[in-house]
Amino acid sequence: MPSRPLLLKRLLALPPTLRRSFWSSSSTNTTTTPPSPSQPELYDIVCVGGGPAGLSFLAALHSHPATRSLKTALIDTQDLTTSRSANDANDAYSNRCSSLTPASLRFLKDIGAWEHVDRRRVQPYHAMDVWDGVSGSRMHFDPMDREGGAGGLLGSLAEMLPGSRFQASRRKYETAGMEEEAGVVATMCENMNLTAALLQRLKELQKEGTGVKMLDKTKVDSIQLGSAPASDTAPDLSQWPVVTTPTGDRLAARVLIGADGANSPVRTFANIPAHGWDYNQHGVVATLTLAPPSTPTPFHTAYQRFLPTGPIALLPLPNNQASLVWSTTPHHAQTLKTLSPTNFTAAITAAFHLLPTDLTHLLTHPNLSYPSELTWRLPATPAKTTNLPANFPTITHLQENTRAAFPLRYRHASTYTSPHLALLGDAAHTIHPLAGQGLNLGLADARALAHVLADGVQHGMDIGTEGCLDSYSAERWGRNNAVLGAVDKLQKVYSVGSGPVVWGRSLGVEVFERLGGLKGLVMGAAGGGSGGR
Amino acid sequence: MASTCPTTSRLLQLPAAVRRVALCQTLTPTVLRASPIATSFGRDSPATTITNTQGRRDYATAQANPPPTRPQTPSSSSVNETEVSHFSALASSWWDPHGSSRLLHLMNPLRHDFIRTCLAREAREPGEKLRYLDIGCGGGIFAESAARMRNSAGVVAVDPTPEVIAVAKQHARQDPTLMEPGNLQYINTAIENLDQHLPDAAARQFDIVTLFEVIEHIQHPAPFLRNCLDSLKPGGWLIGSTIARHPVSWFTTKFMAEDVLGLVPRGTHDWNQYIQPHELRDWARQQPELSTSDGPGWQMQGVIYVPGLGWKQVDGSETIGNYFFGVKKRGLASN
Ligand SMILES: Cc1cc2nc3c(=O)[nH]c(=O)nc-3n(C[C@H](O)[C@H](O)[C@H](O)COP(=O)(O)OP(=O)(O)OC[C@H]3O[C@@H](n4cnc5c(N)ncnc54)[C@H](O)[C@@H]3O)c2cc1C
């Protein structure tokens, strides 16, 4: 019997179409298990991955009259029933939080999921302060305030992002509607809160008789194409992907959905390459507690400072908590993970308040007492020199067991579809977290794919064929690529510590900041009128 | 694409107005990605230069002259033997989404939209299921899709060309739902011999009888259409699509699509057999059982293929190119 590497080599020597016909998780010995002769159960949709992308896709599908009664199954390694109890009771917040754009929120409302989100645990924010740690130039996003504005690179980025605050705020000024979300830049929500709500919605739909077959705590064992038909008159499933689970269940999919995250086994099976690179940065996340503001306000602000080692962001959560996303070198990330909680908290304060050189000094000397370092370094660094926003909060401590670090990558699948298969969410693309877009792009994919399938059903298409699925790839790939590219460029421009690029970027930001009229135009779009509070 | 260069240079030698029409309807997206939507066809058409080079066909004549007696095969009167052999040669590429049937695949969703338009005014029970008869089903592009529709009570699809029926049956196996009993039945026959295959008269009665891209391939349309009507239930719709006999359609479907660009194989169309929308309506008005009042009884929609965008409904374009028509059989009681 050939060894595993030899087999792999032989497999890779095959033409792509044949190679596509087999994927197996490395944990099982595929050479000894012959395909079971039993007929697989037929499904219209088999979705691998019950993250935000997969769940919202299924909820969208079952909420639409045309696709409501499709036969669907969901496979996920995790236990999908208990995710909520983990964070329900207490005031502790998960470190995996995402900011949902107004467009994402609208989608979640449309598919009936938002009403199941625990609203006490989400935090809308109404402004965003972004400043450059090297040049000190600064911009302020605030849809409620036409005098505050944004421009330059970030401004044009914000324009491009689907459903971004810019577009949302424009719409607000055009319609002058004062809804619940009026003036909201984005809404912070724990990923767990969102997935629990989506599962709740799927359960609700199940009660209405249009349920998803849930196969959680189930790892995909292998994926292969259906076997050749037994006779000339039998159905021909040789183009249908068949998923096998460790318990021997076999599910044949008219459309196999890869919503299985960045290391997507479905993408591997389909032999779709994902191009990209590693940023040589890690994203350090944590949940922090802030000192209550001196004057309580219903308005909340998100903060982001670009440092030469990567951006650091502080995003508001309820009850004076905040979510940290600090992109930095793997070396600094490692240091940050091992600092004492007091030093860690002080390091974050330093990252927002001090000059980059001071910060680097601290992080290369983890044995210093950061709080005492801060007592003399902070007064020596006036906010004027760093452009620190006046209302920047005081960080008091770190919530236990919330520190984690993820390697940051850029990846984009060369296509999102092949016959009987579609990718969405992180399986299709991974993006730098600096613009908080990863999950939002996944939700936009889910919405588009559900829409394309509904349109296909309404026109009698076989929804597994390229004729139907290709329009999903056509609709999403270019748009995602534009956002991925813009975020990538932003990352690169702001990762430079000195020289013409820094000079150029500060000019870009400040010219816009000074031209108040132009800013107003950009923010308010229609001109005139009485936007604002 | 190897043929792009010679094609483009040939194209560029044409007069501007002609060139624009040609580009709008037939060029592949790689050559002209952002072509304008071809709404101004009529104005710019090279009508005066090519009109009347071919004789007109008269429906009255067609009706008065029954098909010449040919050696009687099961596929008789309506069927043109050259057409049968032409389509049998095409059979293998029928389901290749990038092959010669690509434009038909792209058009198929519009067929359902048009049927919905025809049915929109009907007071049918919600969830009422309809029986479909697809005449000239070819490889089954429409028949399969109709069988998947929520409102389908089953589809019978007929075609006189044995090879395309074989292709259709073979292809339907790729979708197990189509193989469930009663969903989709293919019969290799000409429509006038349907009774030999479905002896029960009730089984030959349908709510929707479709003729997509068929009548332009029929030598004697009038008797053929009468046969189609016989399969229609009272209150049902005869729905089809075809190409108008116009200099623009000659230019786009014969000269450009077949000769210059090779989008569809040569010999696919016989321009002389193209039918004008008004001719079709005149014929319908002569059939006492048809209701031809605009809207509830008669529907028409022109469509144009725009490279890069696909097929688009364009009002008024029915006289120069592809168009859909729908005509309703009077109900038992009223209409
Ligand atoms: C530090 C950091 C900060 C971020 N901040 C933001 C932000 O502010 N805003 C934002 O929009 N996005 C943010 N993101 C991105 C966001 O978290 C992801 O884009 C999002 O979680 C992707 O969702 P998904 O459903 O595509 O995949 P995932 O959430 O990764 O879900 C994949 C699922 O597939 C399952 N699975 C995988 N393999 C198998 C298998 N073989 N068998 C069965 N199941 C399998 C997994 O169990 C998992 O449940 C951030 C990411 C990072 C790393």
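Per an unreviewed UniProt entry, the recorded name for chain B is Ubiquinone biosynthesis O-methyltransferase, mitochondrial, and the organism is Salinomyces thailandicus. A UniProt comment under Sequence similarities (unreviewed entry) is attached to chain B, and it reads "Belongs to the class I-like SAM-binding methyltransferase superfamily. UbiG/COQ3 family." Taken from UniProt, the Pathway (unreviewed entry) comment for chain B reads in full: "Cofactor biosynthesis; ubiquinone biosynthesis."

Looking up chain A in an unreviewed UniProt entry gives the name Ubiquinone biosynthesis monooxygenase COQ6, mitochondrial, with the organism given as Salinomyces thailandicus. Under Pathway (unreviewed entry), UniProt gives the following word-for-word description of chain A: "Cofactor biosynthesis; ubiquinone biosynthesis." Here chain A is described in UniProt, under the heading Subunit (unreviewed entry), as follows: "Component of a multi-subunit COQ enzyme complex, composed of at least COQ3, COQ4, COQ5, COQ6, COQ7 and COQ9."

Undergrad: I keep staring at the UniProt feature "binding site: S-adenosyl-L-methionine" (unreviewed entry) in chain B and nothing clicks. Help me out?
TA: Residue and element names in this part refer to chain B. If you check UniProt for "binding site: S-adenosyl-L-methionine" (unreviewed entry), the listed places come out as Arg111, Gly136, Asp159 and Phe212 in our numbering. Counting through the fold element by element, Arg111 comes out in helix H7 (residues 102–119). Setting aside its immediate chain neighbours within four residues, Arg111 contacts Leu104, Ile141, Phe142, Phe212, Glu213 and Phe324. With respect to the helices, strands and loops of the structure, Phe212 is situated in strand S4 (residues 206–212). Here Phe212 falls in the buried class, since its relative accessible area comes to 5%.

Undergrad: Sorry, what's going on with the UniProt feature "domain: FAD-binding" (unreviewed entry) in chain A here?
TA: UniProt records the feature "domain: FAD-binding" (unreviewed entry) at residues 44–353 and 399–483 of chain A, using the numbering of this structure. From the first C-alpha to the last, residues 399–483 of chain A spans 33 Å; its make-up is 46% helix and 20% strand.

Undergrad: I'm lost on the UniProt feature "binding site: Mg(2+)" (unreviewed entry) in chain B in this one. Help?
TA: Residues and elements named next belong to chain B. Residues annotated by UniProt as "binding site: Mg(2+)" (unreviewed entry) correspond here to Glu213, Glu216 and His217. As for its placement among the helices and strands, Glu216 is situated in the loop between S4 and helix H11 (221–230). Apart from the residues lying within four places of it in its own chain, the contact partners of Glu216 are Ser241, Thr242, Ile243, His269, Asp270, Gln273 and Tyr274. Checked against the element boundaries, His217 lands in the loop between S4 and H11. With sequence-adjacent residues up to four places away left out, His217 is seen in contact with Asn80, Glu83, Phe87, Thr268, His269 and Gln273.

Undergrad: Is there a simple way to think about the pairing of strand S16 (residues 321–328) of chain A in this case?
TA: Each regular strand displays side chains that alternate between the two surfaces of the sheet. Residues and elements named next belong to chain A. The buried fraction of S16 amounts to 8 of the 8 residues, a majority that puts the element mostly inside the structure. Side-chain alternation along S16 places Gln321, Ser323, Val325 and Ser327 on one buried face and Ala322, Leu324, Trp326 and Thr328 on a second face that is also buried. Inspection of the sheet shows strand S13 (residues 274–290) paired to S16 by 8 bridges, in the antiparallel sense. Looking across to S16, one finds that Val285 is bridged to Val325. As judged from the 6 bridges shared by strand S15 (residues 310–317) and S16, these two strands associate in the antiparallel manner. Counterpart to Ala313 in the pairing with S16 is Val325.

Undergrad: Is there a simple way to think about the site of the ligand in this case?
TA: Residue and element names in this part refer to chain A. Around the ligand sit 31 residues, and of these Ala53, Asp76, Arg96, Asp426 and Leu439 come closest. Protein contact buries 85% of the 1000 Å² of open area that the ligand shows by itself. The set of elements that each furnish at least two residues to the shell around the ligand consists of helix H3 (52–63), strand S4 (97–100) and helix H14 (438–458).

Undergrad: So what exactly am I meant to see when it comes to the packing of aromatic side chains here?
TA: Working definition: an aromatic ring pair is given by the centre-to-centre distance plus the angle between the planes. Here the structure, examined in full by the defined rule, presents 12 aromatic pairs over all chains. Among the aromatic residues, ring-to-ring pairing joins Phe114, Tyr132, Phe142, Phe212 and Phe324 of chain B into one connected group. A cation over a ring is seen here: Lys71 of chain A above Tyr43 of chain A, with NZ or CZ 4.7 Å from the ring centre. The ring of Phe344 of chain A carries Arg403 of chain A above its face, with NZ or CZ at 4.7 Å from the centroid.

Undergrad: I'm lost on the side chain of His112 of chain B in this one. Help?
TA: Tracing the backbone through its elements, the reader meets His112 of chain B in helix H7. Classification of His112 of chain B as buried rests on a relative accessible area of 3%. Residues in contact with His112 of chain B, not counting those within four places in the same chain, are His459 of chain A together with Phe142, Ser145, Ala146 and Met149 of chain B.

Undergrad: So what exactly am I meant to see when it comes to the environment of Leu194 of chain A here?
TA: Residues and elements named next belong to chain A. As for its placement among the helices and strands, Leu194 is situated in helix H7 (residues 191–207). According to the relative accessible area criterion, Leu194 is buried, its value standing at 2%. In this structure, the C-alpha to C-alpha distance between Leu194 and Ala413, residues 219 residues apart in sequence, is 25 Å. Not counting residues within four places of it along the chain, the set of residues in contact with Leu194 comprises Pro52, Leu100, Leu108, Cys189 and Leu439.

Undergrad: For this particular structure, what's the right way to read the confidence of the model for chain B?
TA: Low-confidence regions, as indicated by low pLDDT, have predicted coordinates that should not be scrutinised in detail. All names here are of chain B. Predicted confidence across chain B gives a mean pLDDT of 75, with 69% of residues reaching 70 or more. In the model, residues 1–76 has pLDDT below 50 throughout and makes 119 contacts with residues more than four positions away in sequence or in other chains. Two numbers describe this predicted complex: its pTM, 0.81, and its ipTM, 0.78.

Undergrad: Looking at this structure, I do not really get the confidence of the model for chain A. What am I missing?
TA: Residues and elements named next belong to chain A. Mean pLDDT over chain A: 81, with 75% of residues reaching 70 or higher. Taken together, the stretch residues 1–19 has pLDDT below 50 and engages in 14 contacts with residues farther than four places along the chain or on a different chain. Low pLDDT, under 50, characterises residues 144–154; the stretch is placed with 44 contacts to residues that sit more than four places away or in other chains.

Undergrad: Hey, could you run me through the sheet that holds S4 of chain A in this one?
TA: Two strands in a sheet stick together by hydrogen bonds in their backbones, pointing the same way (parallel) or opposite ways (antiparallel). All names here are of chain A. Judged by pairing direction, the sheet is antiparallel, and its 3 strands sit side by side in the order S4-S8-S5 without closing on themselves. The sheet terminates laterally at S4 and strand S5 (123–125), the two strands that pair on one side only. The average angle at which neighbouring strand axes cross in this sheet is 25°, direction not considered. In this structure, S5 lies alongside strand S8 (residues 186–190), joined through 3 bridges in antiparallel fashion. Looking at S8, one finds that Gln123 is bridged to Met188.

Undergrad: Looking at this structure, how should I read H3 of chain A?
TA: Owing to its 3.6 residues per turn, the α-helix brings residues three or four apart onto one side. Compared with the 16 Å implied by 1.5 Å per residue over 12 residues, the 16 Å span of H3 of chain A between its first and last C-alpha is a close match. For H3 of chain A, every residue scored as buried is listed here: Pro52, Ala53, Gly54, Leu55, Ser56, Phe57, Leu58, Ala59, Ala60, Leu61, His62 and Ser63 of chain A.

Undergrad: How do you make sense of the interface of chain B and chain A when you look at a structure like this?
TA: Note: interface size is frequently given as the accessible area lost on complex formation between the parts. In this complex, chain B contributes 17 residues to the contact, which on the side of chain A involves 21 residues. For the pair chain B and chain A, the summed buried area comes to about 1400 Å², and 47% of that belongs to carbon and sulfur atoms. Counting across the chain B and chain A interface gives 1 salt bridge. Across the pair Asp175 of chain B and Arg254 of chain A runs a salt bridge whose closest N-O atoms are separated by 2.7 Å. The interface formed by chain B and chain A holds 12 residue pairs in polar contact (both at pLDDT 80 or more) in total.

Undergrad: I tried to follow the packing of H7 of chain B against helix H8 (residues 141–148) of chain B on my own but got confused; where do I start?
TA: The geometry of a pair of packed helices is captured by two quantities: the angle between their axes and the separation between those axes. Residue and element names in this part refer to chain B. Running from amino to carboxyl end, H7 crosses H8 at an angle of 45°, the nearest separation of the two axes being 10 Å. In terms of orientation, H7 and H8 fall into the oblique class. Handedness of the H7/H8 crossing: right-handed. Residues Leu104, His105, Asn108, Arg111, His112 and Ile115 of H7 form the contact with H8, whose participating residues are Ile141, Phe142, Ser145 and Ala146. Split by residue class, the contact of H7 with H8 holds 5 nonpolar, 4 polar and 1 charged.

Calculation notes
Residues numbered from 1 in each chain as written. Chains lettered and ligands numbered in written order. Predicted model: local features only at pLDDT ≥ 70, side-chain atom pairs only at ≥ 80, totals over all residues. Heavy atoms only, no water. UniProt positions renumbered as here; feature names shortened; annotations may be inferred. Helix = DSSP H or I, 4+ residues; strand = E, 2+ residues; numbered from the N terminus. Contact = heavy atoms within 4.5 Å. Buried < 20%, exposed > 50% of the residue type's maximum accessible area, 1.4 Å probe, protein only. Pairing = 2+ DSSP bridges. Near = heavy atom within 4 Å. Areas by Shrake-Rupley, 256 points an atom, 1.4 Å probe, with all protein chains shown as cover. Phe/Tyr/Trp six-rings, centres within 6.5 Å; stacked < 30°, edge-to-face > 60°. Lys NZ or Arg CZ within 6 Å of the ring centre and 35° of its normal. pLDDT = per-residue confidence, 0-100. Axes fitted to C-alpha atoms, helices over the stretch in contact; angles between N-to-C directions. Expected span 1.5 Å × (residues − 1). Buried area = accessible area lost by both parts, 1.4 Å probe. Salt bridge = Lys/Arg side-chain N within 4 Å of Asp/Glu carboxyl O. Polar contact = N/O pair within 3.5 Å; in protein donor to acceptor, adjacent residues only side chain to side chain. Parallel < 35°, antiparallel > 145°, perpendicular 65-115°, else oblique. Left-handed = near helix turned anticlockwise from the far one by under 90°. Nonpolar A, V, L, I, M, F, W, Y, C, P; charged D, E, K, R; others polar.

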